[in-house]
Amino acid sequence: MTGGTFLVTGATGRLGPATVAALAARGDRLLLTGRDPARLARLADEVGVPGRVETFVADPSDPTDAQRAAAHAVERFDGLTGLVHLVGHFVPGPLMLTDVGDYRTLMDDNFLSAVVATQAVLPHLGAGGRLVYFTSPLVAEPLAGLSAYAASKAALTTWVRSVAHEVKGRGIHANAVSLTIADTPAMREERPGIDLDHTVRPEHVAYAVRFLTGPESEGMYGAVVPVHGRFGFSSALAGGPPAAAARRPDVAPAAPAARPAPVGRPDAALAGRPA
Ligand SMILES: NC(=O)c1ccc[n+]([C@@H]2O[C@H](COP(=O)([O-])OP(=O)(O)OC[C@H]3O[C@@H](n4cnc5c(N)ncnc54)[C@H](OP(=O)(O)O)[C@@H]3O)[C@@H](O)[C@H]2O)c1
């Protein structure tokens, strides 16, 4: 199984570079997709493995684009081993401060994009195929103020576990990685005041992806692999994040008072992360 061929959707995001580097170092051939040609070009330069790592401008949440991307990967690499679906989106906010549009967007980005990308890839996969998705411990610990995000990742997680049963008869493995907050340059720039040392490094997530796309995960179907670091979710997350309150100032007075999160605690990070 080493030297597989993977479609990596949403590769232009925070976890893309480390994930791509880990798979490319194993000798995998990768087709990276993103909607923004400039970001894709920057990623390709950063990773720098021409021939083995290629890019393709496509929106993996659009069925036609997703099918084009999967067909292109098959053509370029003479087959496809699997999908690493990095597409995702985060919007915090308590119920009364969160537009239903944000709920829909999160369901689209975190759940339905996975459905569309998987429907495009699955017809090309054979025995030993690998499907990898990304979820959150908020599924099991759905704290206040994060209901839209947690529900969208819960939908994804339940779907992955169901699909895993559906495809395992063909020898195809569908699994997910659950992570808290990744310590990335973008996160440090957004949240300079918090201690990200307890969270996970993108490389740690990438190790799990490499495991789930490699022969060592042969016995795993429908697993959710926790890569949580030493991060702890707590009720400090409750309350109205400033970003959501700013969008709906009319509703803000009726919202419960935000419980101040301790400065420097990693679990305070999500509450104010920009949407
Ligand atoms: N980073 C974290 O701390 C963290 C924590 C928990 C879970 N996760 C999950 O881990 C996965 C990867 O994380 P990440 O931080 O790398 O994600 P990210 O940077 O937020 O997003 C990854 C990519 O998804 C694409 N995307 C977003 N919405 C899309 C849509 N509707 N249709 C198509 N593409 C879309 C974007 O690519 P383009 O705009 O370039 O197309 C973006 O670069 C995600 O599922 C995320 O939810 C991340």
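Our subject is the structure listed above.
A short tour of the structure in this document, coming up. (Residues numbered from 1 in each chain as written. Predicted model: local features only at pLDDT ≥ 70, side-chain atom pairs only at ≥ 80, totals over all residues. Heavy atoms only, no water.)

Focus on unusual backbone geometry
Inclusion rule: Numbering of helices and strands starts at the N terminus; helices are DSSP runs of H or I of at least 4 residues and strands are runs of E of at least 2.
Phi angles above zero are rare outside glycine, and Asp78 is one such case at about 60°. Within the element layout of this structure, Asp78 appears in the loop between helix 3 (63–77) and strand 4 (82–85).

A word on the packing of aromatic side chains
Worth spelling out the cut-off: Note on aromatic pairs: the rings of Phe, Tyr and Trp (six-membered ring only in Trp) are paired at centre separations within 6.5 Å, and the planes decide the class, stacked below 30 degrees, edge-to-face beyond 60, tilted for the rest.
This model, assessed by the stated rule, comprises three aromatic pairs. Taken together, the aromatic side chains of Phe111, Tyr133 and Trp159 make up a single cluster linked through ring pairs.

Observations regarding the packing of helix 3 against helix 4 (residues 100–121)
As a reminder of what qualifies: Every angle, taken between N-to-C directions, lies between 0 and 180 degrees, and every axis is a line fitted to C-alpha atoms, over only the stretch in contact when it is a helix. Should an angle lie under 35 degrees it is considered roughly parallel, over 145 roughly antiparallel, and from 65 to 115 roughly perpendicular; all remaining angles are considered oblique. By definition, any crossing whose near helix is turned counterclockwise from its far helix by less than a right angle is left-handed, and any crossing with a clockwise turn is right-handed. In this analysis, two residues are considered to be in contact whenever any of their non-hydrogen atoms come within 4.5 Å of each other.
For the pair helix 3 and helix 4, the least separation of the axes is 8 Å and the interaxial angle reads 40°. Accordingly, the angle class assigned to the pair helix 3 and helix 4 is oblique. As helix 3 packs across helix 4, the resulting crossing turns out to be right-handed. Counted together, Pro63, Ala66, Gln67 and Ala70 of helix 3 and Val116, Ala117, Ala120 and Val121 of helix 4 form the full contact between these two elements.

Details of the site of the ligand
Test applied: Distances are taken per atom, and a residue is near a molecule or strand as soon as one of its heavy atoms is within 4 Å of it. Polar contacts, as used here, are pairs of N or O atoms within 3.5 Å; protein pairs need one atom able to donate a hydrogen and one able to accept it. Residues neighboring in sequence count only if both atoms are side-chain atoms. A 1.4 Å probe and the Shrake-Rupley method give the accessible areas. Residues count as covered only by the protein chains that appear here.
Taken together, the neighbourhood of the ligand is formed by 24 residues, with Thr12, Leu15, Arg35, Asp109 and Ala182 sitting nearest. One of the backbone N or O atoms of Val87 is found 3.0 Å from an oxygen atom in the ligand. Here the ligand loses 91% of its free accessible area of 880 Å² to cover by the protein chains. At the level of elements, strand 5 (130–135) and helix 5 (147–168) are the ones that each hand at least two residues to the shell around the ligand.

Let's talk about the packing of helix 1 (residues 16–26) against helix 7 (residues 202–212)
As a reminder of what qualifies: Asp, Glu, Lys and Arg are counted as charged, while Ala, Val, Leu, Ile, Met, Phe, Trp, Tyr, Cys and Pro are counted as nonpolar; the rest, among them Gly, fall into the polar class.
Relative to each other, helix 1 and helix 7 sit at 45°, their axes nearing to 8 Å. Classified by the interaxial angle, the pair formed by helix 1 and helix 7 is oblique. Between helix 1 and helix 7 lies a crossing of right-handed hand. Within the contact between the two elements, helix 1 uses Ala18, Thr19, Ala22, Leu23 and Arg26 and helix 7 uses Pro202, Glu203, Ala206, Val209 and Arg210. Along the lines of polarity and charge, the residues of the contact of helix 1 with helix 7 split into six nonpolar, one polar and three charged.

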